[in-house]
Amino acid sequence: MVEIELDGQKVDVTEGSMIMHAADKAGTYIPHFCYHKKLSIAANCRMCLVDVEKAPKPMPACATPVTQGMIVRTKSDKALKAQQSVMEFLLINHPLDCPICDQGGECQLQDLAVGYGGSSSRYQEEKRVVFHKDVGPLISMEEMSRCIHCTRCVRFGQEVAGVMELGMIHRGEHSEITTVVNDTVDSELSGNMIDICPVGALTSKPFRYSARTWELGRRKSVSPHDSTGANLIVQVKNNKVMRVVPLENEDVNECWIADRDRFSYEALNSDERLTQPMLKQGGEWRTVDWQTALEYVANGLRQIKADHGAQGIGTLASPHSTVEELFLAGALMRGLGSENIDHRLRHAEFVNLPGKVRWLGTPIASLSQLQQVLVVGSNLRKDHPLFAQRIRQAARRGCKVHALNAQGYDWAMSVANTLLAEPSAWVQALGEVAIAIAGAKEIAAPVQGDAGDAAKAIAKGLLAGTRKAILLGNAAAHHGHASHLLALANWIATETGASVGYLTEAANTVGAQLVGALPGQGGLNAGQMMDGALKAVLLLNTEPAFDAADGARALAGLNKAQMVVTLSPFKANLQISDVLLPIAPFTETSGTFINAEGRVQGFHAVVKPLGETRPAWKVLRVLANLLGLPGFDFESTTDVLARGTPALAGVAQLPADVLSNASDAAFTATAPAGVPAVASIYQLDGIVRRATSLQMTADARQASLYAAEEVAA
């Protein structure tokens, strides 16, 4: 530790720290633009100049290392005059358009100009103009004349997103930020550039000119998309979601969110929203009141149970539903006498493991500190953008990243070794890694055969270092022999000292397992239910055409049912449903999600339900009441959590005895042919699928082209 004097206050900071770090620790604010705690130091805005005793001139606080006994003054005349001079230069070419700027009211330059700027400008010459650029549907670069060249966006692309999509060209006052790889910014994390831009140069295209920041109410929430459980601030005006930005949580999403967390809110205000219950009569849809719709469903379930038994009734639930909704859906089925409930719509193997909740196997924050990692069956960057970002930081520090996949993906990071194999050969390929490890340790291998060069290189990597992980992606979880892959991963992890875990697909995949959204003894799994084994089906927050392993087959199977009830915020499943019940999306209901690491995160509604929409937990409770089922007298989601799932009440993290990735499956060299079902980045759930701007991105277009080629083939 080094002790310095900062504005007369003694501060102890780690050797190698900068004056800015000491100021942060002391709670002293030093004005700055280019410095950001998550990015490398550029020291190009010069706004943080401070007075260092014995230094011949003011020094930049962000780039000046501390030394023992250093005396720093941030408020002396020398420092203030330097900062005021820098501000004068920054404002020379900056347009005076604060009243029409989208950043107005939350602009760093605006705030600091009040404190350090002059009352008038001495600059009489023409200001420079930078022509606008179209960089895609998410980010607006319409007013690049506002840019102060802090290069935060450039460094973010290089260091966090992994792709340098923006760069600076020319010199002096002719400098400008522009795209350097393609004509558009296509990173799945690109929206964070909007947050870190200290001026109004980069703004949100979907939000642009729709509201002023001081008109917005702010509410905390949790992302309902992938398994990170990113913490959000949802900004609201007139009972309408206007914008979503990150809520900083160092243990989960740091200060970043993925673009699908940020821009998916467009779907919540779209024409696709279902706002009234609907019944299909004579092939025509007509709106009805809630009482009529629920009585229709209750009578239909009674009749089908009487004619075909409870085994003819089942529920297909989305793992993007809350803990409370999934618990009540399961309780409703079991109250009727049926064990037919499942959330594993994209799975090809359905092994029930009572009491075992699959999870990440390690805290999310630890991904940034890994030294060796093997990722099996995942397009990591697109399936889990924020996990990929953490592993990218580890790779920048020297972590060796290894992959087993059907094809080589661009993860925007250095990948040491890639083992390519068809999905049907993944068990065999992972077995080769185990064989190579066994050979190196001179122990018996779990499978027979020889290891190839790539497998040997991966084995050598996993045997080195200390902090190691084997991560099974969505394709590995949905694989025809998922349990065999897990068993091999466990053997390798045991022999190398690595953790093993699933990246897990959805916001509540862990929670769905915990509250029993799985078939019980004698119950049908999702595959069997979608093959036409049911007479009555409840579809909770799911669209089998998009969410099932085989959408066409699922639709054909569900068409055989006598009654299909869809509970969705959107006009979904119109071709197979008989009843549509409008339920609230995550912004209009309270609930709980459990992310990949087992972190229990509750959230509240941020706006009132749209139209006659009702929270799904209330719909399920009232439906159970109409059916005369006992134990459905819950008054709130807190009540559901406290009485229905008491193990979760007041718990922030699932205990270790609940989480387990153990597997006792046998090993086999053969596996079913075919590609595991994995949703593309902007097809993951119903909300993302209906977000207009996200569907205009390069990732969405590529996924559509790929799907069209699959259909053609």
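Please read these numbers as outputs of a predicted model, since none were measured by experiment.

Conventions we followed
Residues numbered from 1 in each chain as written. Predicted model: local features only at pLDDT ≥ 70, side-chain atom pairs only at ≥ 80, totals over all residues. Heavy atoms only, no water. Helix = DSSP H or I, 4+ residues; strand = E, 2+ residues; numbered from the N terminus. Rg over C-alpha atoms; globule rule 2.2 N^0.38 Å. Buried < 20%, exposed > 50% of the residue type's maximum accessible area, 1.4 Å probe, protein only. Contact = heavy atoms within 4.5 Å. Areas by Shrake-Rupley, 256 points an atom, 1.4 Å probe, with all protein chains shown as cover. Lys, Arg positive; Asp, Glu negative; His and termini not counted. Charge placed at Lys NZ, Arg CZ, Asp CG, Glu CD. Domains from an automatic or database assignment. Pairing = 2+ DSSP bridges. Axes fitted to C-alpha atoms, helices over the stretch in contact; angles between N-to-C directions. UniProt positions renumbered as here; feature names shortened; annotations may be inferred. Salt bridge = Lys/Arg side-chain N within 4 Å of Asp/Glu carboxyl O. Parallel < 35°, antiparallel > 145°, perpendicular 65-115°, else oblique. Left-handed = near helix turned anticlockwise from the far one by under 90°. Nonpolar A, V, L, I, M, F, W, Y, C, P; charged D, E, K, R; others polar. Phe/Tyr/Trp six-rings, centres within 6.5 Å; stacked < 30°, edge-to-face > 60°. Lys NZ or Arg CZ within 6 Å of the ring centre and 35° of its normal.

Draft legend 1. Representation of the overall build of the protein. Within the protein, the regular secondary structure consists of 22 helices and 27 strands. Relative to the globule expectation of 27 Å for 713 residues, the C-alpha radius of gyration of the protein, 28 Å, shows essentially globular dimensions. The principal-axis extents of the C-alpha atoms in the protein amount to approximately 90 × 70 × 50 Å. A buried classification covers 59% of the 713 residues belonging to the protein. Long-range contacts, defined here as pairs at least 24 residues apart, represent 71% of the contacts in the protein between residues at least 6 apart. Total accessible area computed for the protein in this model is approximately 28,400 Å², and 51% of it derives from carbon and sulfur atoms. Charged side chains of the protein number 65 positive and 73 negative; the gap between the two group centres comes to 3 Å.

Draft legend 2. The domain arrangement of the protein, seen in detail. When its domains are assigned, the protein resolves into domain 1 (1–92) and domain 2 (360–503). On a C-alpha basis, the centroid separation for the pair domain 1 and domain 2 is 44 Å.

Draft legend 3. Inspection of the sheet that holds strand E1 (residues 2–6) at higher detail. Read from one edge to the other, the open sheet built from five strands follows the order E2-E1-E5-E3-E4, with strand pairing classed as mixed. Single-partner strands in this sheet number two, and they are strand E2 (9–13) and strand E4 (59–60). Here E1 pairs with strand E5 (residues 71–73) via two bridges, running parallel. Along E5, the bridge assignment pairs leucine 6 with valine 72. Relative to E2, helix H1 (residues 19–26) is tilted by about 115°, and along the sheet it contacts E1, E2, strand E3 (49–52) and E5. Packed onto the sheet, helix H2 (residues 77–92) meets E3 and E5 and runs at close to 160° relative to E3.

Draft legend 4. The UniProt feature "domain: 4Fe-4S His(Cys)3-ligated-type" (unreviewed entry) in the protein, seen in detail. Feature annotation in UniProt assigns "domain: 4Fe-4S His(Cys)3-ligated-type" (unreviewed entry) to the following positions: residues 78–117. Between the C-alpha atoms that bound residues 78–117 the distance is 16 Å, and the span itself is 60% helix and 0% strand.

Draft legend 5. Broad picture of the pattern of salt bridges. All told, the structure shown has 36 salt bridges when counted by the stated rule. Between arginine 334 and glutamate 339 there is a salt bridge, with its nearest N and O atoms 2.8 Å apart. Take arginine 334: its relative accessible area is 31%, and that puts it in the partly exposed class. Taking the relative accessible area as the measure of exposure, glutamate 339 reaches 24% and is therefore partly exposed.

Draft legend 6. Structural view of the packing of H2 against helix H3 (residues 108–116). In contact at an axis separation of 10 Å, H2 and H3 are set at 130° when each is read in the N-to-C sense. One finds that H2 runs oblique with respect to H3. Our pair here, H2 against H3, has a crossing hand that is left-handed. Here H2 contributes Leu80, Gln83, Gln84, Met87 and Leu91 to the contact with H3, which in turn contributes Leu109, Leu112, Ala113 and Tyr116. A per-class count over the contact of H2 with H3 returns seven nonpolar, two polar and no charged.

Draft legend 7. Representation of the environment of isoleucine 435. Along the chain, isoleucine 435 turns up in helix H11 (residues 426–441). Given the relative accessible area of 14%, isoleucine 435 is considered buried. With 107 residues separating them in the primary sequence, isoleucine 435 and threonine 542 have C-alpha atoms 41 Å apart. Not counting the four nearest positions on each side in its chain, isoleucine 435 is found in contact with Ala445, Val447, Gln448, Gly449, Asp450 and Ala451.

Draft legend 8. Main features of the packing of helix H8 (residues 323–336) against helix H19 (residues 616–626). Axis separation between H8 and H19 bottoms out at 9 Å; the angle between their running directions is 15°. Relative to H19, H8 is oriented roughly parallel. The two elements H8 and H19 cross, and the hand of that crossing is left-handed. When H8 is examined against H19, the residues Glu325, Leu328, Ala329 and Leu332 are found in contact with a partner set consisting of Ala616, Trp617, Leu620, Leu623 and Ala624.

Draft legend 9. Representation of the environment of leucine 538. Here leucine 538 lies in strand E23 (residues 536–540). For leucine 538, a relative accessible area of 3% translates into the label buried. In this structure leucine 538 touches Leu301, Gly314, Thr315, Leu316, Leu332, Met333, Val565, Leu567 and Leu623, once residues within four positions along its chain are discounted.

Draft legend 10. Inspection of the packing of aromatic side chains at higher detail. Within the structure shown, the criterion is met by three aromatic pairs. Taking the centre distance of 6.4 Å and the plane angle of 75° together, the rings of phenylalanine 327 and phenylalanine 634 count as edge-to-face. Of the two residues, phenylalanine 327 sits in helix H8 while phenylalanine 634 sits in the loop between H19 and helix H20 (637–644), which places them 307 residues apart along the sequence. A relative accessible area of 18% means that phenylalanine 327 is categorised as buried. Judged by its relative accessible area of 6%, phenylalanine 634 is buried. The ring of phenylalanine 207 carries the charged tip of arginine 243 above its face, separated from the ring centre by 4.4 Å.

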